[in-house]
Amino acid sequence: MVNHGLVLDLIDRLGRIPAGSTVTLDVMSGTADAGEIADNIDMIATWCRASGNALVESRHDAVVVRHGRSPDTLAGLHPDQVPGTRLWMYTNFDCNLHCDYCCVSSSPQADRRALGADRVARLAEEAEPAGVRQLILTGGEPFLLPDIDELVASCTAHLPTTLLTNGMLFRGARLERLRRMDRERLTLQISLDSATPEQHDAHRGPHSWERAVAGIGLALDEGFDVKVAATLPAEQTHEVAPFKAFLGTLGIRPENQVIRAVAHQGAAHDGIELTVESLIPEVTITADGVWWHPVSATDASQFVRREIFPLADAIADVRRRFVRHREAADRAADWFPCS
Amino acid sequence: MIPASTVPRLIGSVAYSPNVVTVWEGMRAYFTGTDTPIDFVLFSNYGRLVDALIGGTVDLAWNTNLAYVRTLLQTKGACRALASRDTDVVFQSVFVSRAGTGFDGLEAVRGRRLALGSRDSAQAAILPLQYLHEAGIGDDDVTLMRIDSDVGKHGDTGRSELDALRAVLDDRADAAAIGVNTWQAITRGEIMTGAIESFWMSPEYSHCTFTALPALSTEWAEAWLADLFAMDWENPDHRAILELEGLRRWVPPNLDGYGSLIAAVAEQGIPDRW
Ligand code: SF4
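Note on numbering: residues in each chain are counted from 1, in written sequence order. Each chain gets a letter, beginning with A, and each ligand a number, beginning with 1, in the order they are written. This being a predicted model, a pLDDT of at least 70 is required before a residue's local features are given, and a value of 80 or more before pairs of side-chain atoms are given or counted; all residues contribute to the totals for chains, interfaces and linings. The side-chain values count all of the structure's non-hydrogen atoms but skip hydrogen atoms and water molecules.

**Some remarks on helix 8 (residues 241-250) of chain A**
Residues and elements named next belong to chain A. Here is the rule we go by: Relative accessibility decides the category of a residue: with a 1.4 Å probe and only protein chains considered, values under 20% of the type maximum give buried, values over 50% give exposed, and everything between is partly exposed. For helices the rule is a DSSP run of H or I covering at least 4 residues; for strands it is a run of E covering at least 2, with both sets numbered from the N terminus onward. Here the arc refers to the set of directions running from the helix axis out to each C-beta atom. In what follows, a contact means two residues having at least one pair of non-hydrogen atoms within 4.5 Å.
Among all positions in helix 8, only Phe243, Phe246 and Leu247 are buried. Axial view of helix 8: buried residues confined to an arc of 100 degrees, hence all on one face. Along helix 8, the residues that are exposed and aim more than 90 degrees away from the buried face are Ala241, Pro242 and Thr249. Packed against the buried residues of helix 8 are helix 7 (208-221), strand 8 (225-232) and strand 9 (257-261). One or two residues past the end of helix 8 sits Gly251, with phi positive at roughly 100 degrees.

Structure follows, in structure tokens:
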């Protein structure tokens, strides 16, 4: 039988502590019956929800309750970090490269798993009303898709858009598709890891550096805004001055130079450990559903839900989970910059 | 020379919860931005607070209903109630029992064990006894279990009421009298359904109120009240204070709501100071 006296104990103890502090309440109260303990926890949870106090943790034998509402986790974030400010879409998972650190294990052999023009169009349409301010298309290599220009057009029609690419496929029909894209609303983000070929090619394949540098030049000549993103082992992210100087000579503005650390995801054997507890979510959509973050869009532990639509619900779900994790962990998340 | 209006007036309050400092720091910050700045001083009990108001140490006292009635009696009616919380003008006492025990009104308490809160709590002791007396039930007609915790704080901590409820749950008492604020707190989410139920709710009466003596100028008091009533639940800074102090807005006091307590204090011979 549920022990109602626990709520009296809880109210009493909350009354003795300042708002914002927590109490740990023994929910076993002399019983070893698992069902009874679960009922006690349910009762406390119900009371907390209704009374504006926060159940921050529930263990097998005790609950931790914060006096008063938890601080507004989302309001505490920089506006740019609020989940759902950016919407990431994996257009496809196949790639002309097979980088050894690829966070989603893309390669020429990988299944395409295309998101498809219809879904991209609907996402772009629902994005702005759902509070999204920027769309980001990534893969795999998006330029492998025959309809990439259509996907981009449906995005740029609604919001500023960034398209991530390895920049190696700007030829023939693919170059024509690039040329059809909206230069006012689209930023191309091209991957390049080093100022000289060795390091880049060691991870991304022979001659890939040369072709990426050529792609950057072509995109700039075509009048596109180009960002360059480097993926480096964490220890190297502190020695980037020569690389940045090189990017300057290519014509890449300092604010368009992104340096990020390798994440331990996908094909990468090591790298920064990213978990839902330590990672501020970036709402990410793939053909399979909604994910916590683009760097972990194949990591089952970071799958959020299958239903993509309505997008506003998916974003609300990610935010809810984030607030829950934050409250439970109550520790600062490492922000893993992605674009 | 500092203009008179910028000299902060001193408000006295009793330290009945760890949040009191946060509340009054917030109030002080809010009034710093007005023409009626305030500072505050905390007392350990209402007896001291009323003494300080009458002695002129503080300009205003944040009084319970009992402290207000005390001040009224000691100043022969000269003090003024200025403002209350919205929750103070509709306060009630609630009689509760274990669910399903068939209590259906005050009369059912006759011959049973009734747990009361602190003897200086208007809502959990003084007024419940008054309502029983008015219903023709004398102190000898019930077995009273008085739970005198935190005497001096006029029941503000709610601790004695929680103890009275425990007594009912543990079958050490058949019924308990508590304040409506405690009743609302324990029934949030309807978690007490099937465990404890209320069987009688008192008429509404008035609870806490800011109390001043005639020495406080009416002009200043009016200006201060205008600022107080301007606190807005929709404003997050104000809301943080209002929420902690348990109100949505400040309202004028309801003086008629003190009649029952004035009668009870007289009839029960409640001492002048606790
Ligand atoms: S890191 Fe980018 S370019 Fe390399 S395999 Fe993955 S998707 Fe392709």
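**Here's the deal with the sheet that holds strand 3 (residues 60-63) of chain B**
Residues and elements named next belong to chain B. Under the convention used in this document: Pairing between two strands requires that DSSP report at least two bridges joining them. Only the stretch in contact is used when fitting a helix axis, every axis being a line fitted to C-alpha atoms; angles between N-to-C directions are given from 0 to 180 degrees.
Reading across the sheet, the 6 strands line up as 2-1-3-10-4-11 and stay open at both edges, with mixed pairing between neighbours. Each end of this open sheet is capped by a strand with a single partner; those strands are strand 2 (38-43) and strand 11 (250-251). Here strand 3 runs beside strand 10 (residues 209-212); their pairing, made up of 4 bridges, is antiparallel. Counted as the bridge partner of Asn63 is Thr209 from strand 10. Running at roughly 165 degrees to strand 2, helix 1 (residues 20-32) makes contact with strand 1 (9-14), strand 2, strand 3, strand 10 and strand 11 of the sheet.

**A few points about the nonpolar core**
Under the convention used in this document: By convention a nonpolar core is built from buried Ala, Val, Leu, Ile, Met, Phe, Trp, Tyr and Cys residues, the set being connected through side-chain atoms within 4.5 Å.
Ranked by internal contacts, the top residues of the largest apolar core, which has 110 residues, are A:Ile44, B:Met27, B:Phe210, B:Trp224 and B:Leu228. When residues of this core are assigned to their parent elements, the largest contribution, 7 residues, is made by helix 4 (residues 122-134) of chain B. In contact with B:Trp224, not counting residues within four places along its chain, are B:Ile11, B:Phe31, B:Thr36, B:Ile38, B:Leu60, B:Leu82 and B:Phe210.

**Notes on the interface of chain A and chain B**
Stated precisely, the cut-off is as follows: Note on terms: buried area is the combined drop in 1.4 Å-probe accessible area of two parts once they are placed together, counting the loss on both. Should a side-chain nitrogen of Lys or Arg be within 4 Å of a carboxyl oxygen of Asp or Glu, the pair is scored as a salt bridge.
Counting from both sides, the interface comprises 19 residues of chain A and, opposite them, 18 residues of chain B. Between chain A and chain B lies a buried interface of about 1600 Å² when both sides are counted; carbon and sulfur atoms form 65% of it. Here chain A and chain B share 3 salt bridges between them. Between B:Arg159 and A:Asp12 there is a salt bridge, with its nearest N and O atoms 3.4 Å apart.

**Structural notes on the pattern of salt bridges**
Under the defined criterion, the tally for this structure stands at 32 salt bridges over all chains. A:Arg305 is the salt-bridge partner of A:Asp317, the closest N and O atoms lying 3.2 Å from each other. In this pair, A:Asp317 is assigned in helix 9 (residues 311-329) and A:Arg305 in strand 12 (residues 303-305), connecting sequence segments 12 residues apart. For the residue pair A:Asp317 and A:Arg305, the accessibility class agrees, reading buried in each case. The salt bridge partner of B:Arg113 is B:Asp171, with a shortest N-O separation of 3.3 Å. Here B:Arg113 is found in strand 6 (residues 113-116), whereas its partner B:Asp171 is found in the loop between helix 5 (159-169) and strand 8 (175-179), with 58 residues between them in sequence. Residue class for B:Arg113 comes out partly exposed when judged on its relative accessible area of 29%. Judged by relative accessible area, B:Asp171 falls into the partly exposed class, the value being 46%. Put simply, A:Asp9, A:Asp12, A:Arg16, B:Arg159, B:Asp163 and B:Arg166 are held in one network by salt bridges that share partners.

**Let's talk about the site of the ligand**
Residue and element names in this part refer to chain A. Test applied: By convention in these notes, a residue is near a molecule or strand provided one of its non-hydrogen atoms lies within 4 Å of it. Using protein atoms alone on a 1 Å grid, points that fit a 1.4 Å probe yet trap it form a cavity, whereas open point sets bounded by protein on both sides within 12 Å along at least five of seven lines form a pocket; residues with an atom within 4 Å of a point count as lining. For a cavity or pocket, the test is whether more than half of a molecule's atoms lie within 2 Å of its grid points; if they do, the molecule sits there. Here the nonpolar group is Ala, Val, Leu, Ile, Met, Phe, Trp, Tyr, Cys and Pro; Asp, Glu, Lys and Arg are the charged ones; every other residue, Gly included, is treated as polar.
Around the ligand, a shell composed of Cys95, Leu97, Cys99, Cys102, Ser106, Gly139, Gly140, Asn166 and Arg204 is seen. Under a 2 Å grid-point criterion requiring more than half of the atoms, the pocket assigned to the ligand is the largest cavity. Here the residues of the shell around the ligand sort into 4 nonpolar, 4 polar and 1 charged.

**Side note on the pairing of strand 10 of chain B**
Residues and elements named next belong to chain B. Residue alternation in strand 10 divides its side chains into two sets, Thr209 and Thr211 and Phe210 and Ala212, and both sets are buried. Where strand 4 (residues 80-85) meets strand 10, 3 bridges bridge the pair, whose relative direction is antiparallel. Paired with Arg80 across the strands is Ala212, a residue of strand 10.

**Structural notes on the pairing of strand 5 (residues 134-138) of chain A**
Residues and elements named next belong to chain A. For clarity, the threshold we go by: When the strands point away from the viewer, a crossover counts as right-handed if the route from the first strand across the helix to the second turns clockwise.
With 4 of 5 residues buried, strand 5 is to be regarded as a mostly interior element. Strand direction decides the pairing type here: strand 4 (residues 86-90) and strand 5, joined by 5 bridges, are parallel. For Leu87, the partnering residue across the bridge sits in strand 5 and is Leu135. A crossover links strand 4 with its parallel partner strand 5, the connecting element being helix 3 (residues 117-127), and its sense is right-handed. Of the strand pairs in this sheet, strand 5 and strand 6 (residues 161-165) are connected by 3 bridges, and their pairing is parallel. By the bridge assignment, Ile136 is partnered in strand 6 with Thr162. The β-α-β motif built from strand 5, the intervening helix 4 (residues 148-156) and the parallel element strand 6 has right-handed crossover chirality.

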